[in-house]
Amino acid sequence: MRTYVILDASEVGNVNFDAVIQRSTDTLRYSVDGSKFVIKFEGDTPSFLIGEPQYTQEEILPIMHSADWTDPDAQP
Amino acid sequence: MSTLTTHTTANRDSHSIGLCKFNTTSKAIEVSDGTNWSVYDNDLLFSTGPSTVSMSLDGVDDYLESSSAISFASDFSLSFWIKPTNVNDCWFGRWGYSGAFISSNSSGNIQVDGTASTVGITTGEWNHILLSRSSSTITVYKKSDTGNASSTITKSGTLAYNLLGRYTSGGFYHLGLMDEVAVFNTALSSTDATNIYNSGAPGNLFSYTSLTNWWRMGESIDSTIPDYIGTNDLTVNGAVTSTDVPS
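Residues numbered from 1 in each chain as written. Chains lettered and ligands numbered in written order. Predicted model: local features only at pLDDT ≥ 70, side-chain atom pairs only at ≥ 80, totals over all residues. Heavy atoms only, no water.

A. Region of the structure containing the interface of chain A and chain B. Listed as interface residues are 21 residues of chain A and, on the opposing side, 30 residues of chain B. For the pair chain A and chain B, the summed buried area comes to about 1,800 Å², and 51% of that belongs to carbon and sulfur atoms. Contact with chain B buries area across many residues of chain A, yet A:Arg23, A:Arg29 and A:Pro76 alone supply 36% of it, more than any other trio. For the pair chain A and chain B, the interface holds five salt bridges. The shortest N-O distance in the salt bridge between B:Asp58 and A:Arg2 comes to 3.2 Å. If you list the elements that add at least two residues to the side of chain A that touches chain B, you get strand S1 (2–8), strand S2 (36–42) and helix H1 (57–64) of chain A. Looking at which element gives the most residues to the side of chain A that touches chain B, the answer is H1(A), with four residues. (Contact = heavy atoms within 4.5 Å. Buried area = accessible area lost by both parts, 1.4 Å probe. Salt bridge = Lys/Arg side-chain N within 4 Å of Asp/Glu carboxyl O. Helix = DSSP H or I, 4+ residues; strand = E, 2+ residues; numbered from the N terminus.)

This is the structure in structure tokens:
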């Protein structure tokens, strides 16, 4: 099962891409204002994410659909 | 004469340089270089059967990216199967182009680059979508277990996409399944739409001489989905395979 974590954009340099599902900074999803991004992993919590709030997919989807993460002014 | 030993994707052997196996799941020959599997499945002999797997996207940040833009300058057809959980998510987009998208809008209607059709998507079930452009008229066909619909929209000029399952920015990631994406360089007919739908069971498209790209989707290995006709392979970003397929 996947686990999701939201981090501040300033922490992107601390991401160990060998320990998460995303492969690079280019593939990350950022919030609409660019201040946060999502990271996800399977299995044990990577050391750089210990202590951060974690979400299941079911829990994070409503957050992703909020105006902070989905731009209400975008066309689709 | 020697015979390859077999394995499956789920039970794939550990990597060993030069290890060569026949994958009984994907019907492909796979060779390990010690780190990744290289797949030899491009002779069109192993891939003509029904879909066995699709791609599942998590609606958070999963997407697929083509190595070059899927571009339509004149007549074309785009066929794909989609099983969405929600409306208002994006199936095709393009980096840096906010006006380039194929999606369902907030009412569930299928739209192309901001022009909505009157054809609605059905959530929770497999929908076959065929967009067929002749001159500047795109006919949108949607077929599913619960009903068929079609309508036309007007859209001229070049259309181009390189993202599957997401919009360029601002959210709208696809939550659901995607399978059997195909591109044709002609405008297909309503009869073709019916034949490709095949009563809900996608079949062999090789009989279409206008077929230029065919991504069977779940039949992927590691991080790449092969283009069985062209060379425009898809890179997988987070999406995983699912055995939920149109049938």
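B. The environment of B:Gly165, seen in detail. Residue and element names in this part refer to chain B. Note that Gly-165 resides in the loop between strand S15 (159–164) and strand S16 (175–184). Overall, Gly-165 belongs to the buried group, its relative accessible area being 0%. Not counting chain neighbours up to four residues away, the residues in contact with Gly-165 comprise Leu-57, Asp-62, Tyr-63, Cys-90, Trp-91, Phe-92, Phe-172, Tyr-173, His-174 and Met-178. (Buried < 20%, exposed > 50% of the residue type's maximum accessible area, 1.4 Å probe, protein only.)

C. Summary view of the pattern of salt bridges. Residues and elements named next belong to chain A. In this structure the tally under the stated criterion is eight salt bridges over all chains. Across the pair Glu-42 and Arg-2 runs a salt bridge, and its minimum N-O distance is 4.0 Å. Separated by 40 residues along the polypeptide, Glu-42 in strand S2 and Arg-2 in strand S1 bring together distant segments of the chain. Since its relative accessible area comes to 11%, Arg-2 is described here as buried.

D. Geometry of the sheet that holds S2(A). Residue and element names in this part refer to chain A. Ordered in space as S2-S1-S3, the three strands form an open sheet in which the pairing is antiparallel. Whereas interior strands pair on both sides, the edge strands pair on one side only; in this sheet they are S2 and strand S3 (54–55). As paired strands, S1 and S2 are joined by seven bridges and run antiparallel to one another. Residue pairing across strands places Leu-7 opposite Phe-37, the latter belonging to S2. (Pairing = 2+ DSSP bridges.)

E. Examining the sheet that holds strand S10 (residues 109–112) of chain B more closely. Residues and elements named next belong to chain B. Strand order across the open sheet formed by eight strands is S11-S10-S9-S8-S15-S6-S19-S18, with antiparallel pairing between neighbours. The open sheet is flanked by strand S11 (115–120) and strand S18 (224–225), the only strands paired with a single partner. One ladder, built from three bridges, connects strand S8 (residues 90–93) with strand S9 (residues 101–104); its direction is antiparallel. Opposite Phe-92, over in S9, you have Ile-102 as the bridge partner.

F. Representation of the pairing of strand S13 (residues 137–144) of chain B within the structure. Residues and elements named next belong to chain B. Summarising burial for S13: seven of the eight residues are buried, a large majority. In this sheet, S13 lies alongside strand S12 (residues 127–134) in antiparallel orientation, the contact comprising eight bridges. The residue bridging Leu-131 from the neighbouring strand is Val-140, located in S13. Connecting S12 to the antiparallel partner S13 that follows it, the hairpin turn spans two residues, and Ser-135 within it adopts a positive phi of roughly 55°. Relative to strand S14 (residues 147–154), S13 is paired through eight bridges, and the arrangement is antiparallel. Bridge pairing in S14 places Ser-144 opposite Gly-147. Count of turn residues in the S13/S14 antiparallel hairpin: two residues.

G. Molecular detail of the packing of aromatic side chains. Residues and elements named next belong to chain B. Under the defined criterion, the tally for this structure stands at twelve aromatic pairs over all chains. Note on Phe-72 and Tyr-161: the rings are 6.5 Å apart at their centroids and 50° apart in plane angle, and the pair reads as tilted. Taken together, the residues Phe-72 in strand S6 (residues 63–72) and Tyr-161 in strand S15 connect sequence positions 89 residues apart. Here Phe-184 and Tyr-208 contribute two aromatic rings whose centre-to-centre distance is 5.5 Å and whose plane-to-plane angle is 70°, an arrangement assigned as edge-to-face. With a gap of 24 residues between them, Phe-184 in strand S16 and Tyr-208 in the loop between helix H1 (190–197) and strand S17 (211–215) connect regions that are remote in the sequence. (Phe/Tyr/Trp six-rings, centres within 6.5 Å; stacked < 30°, edge-to-face > 60°.)

H. How the structure looks around the nonpolar core. All names here are of chain B. Of all hydrophobic cores here, the largest spans 34 residues; its most connected members are Leu-78 and Met-217. Considering every element that reaches this core, the biggest residue donor is strand S7 (residues 76–84), with four residues. The next biggest cluster of nonpolar side chains, apart from the first, holds eleven residues, and it includes Leu-130, Phe-184, Leu-205 and Trp-214. (Core = buried A, V, L, I, M, F, W, Y, C linked by side-chain atoms within 4.5 Å.)

What is shown is where atoms sit, not what they do.
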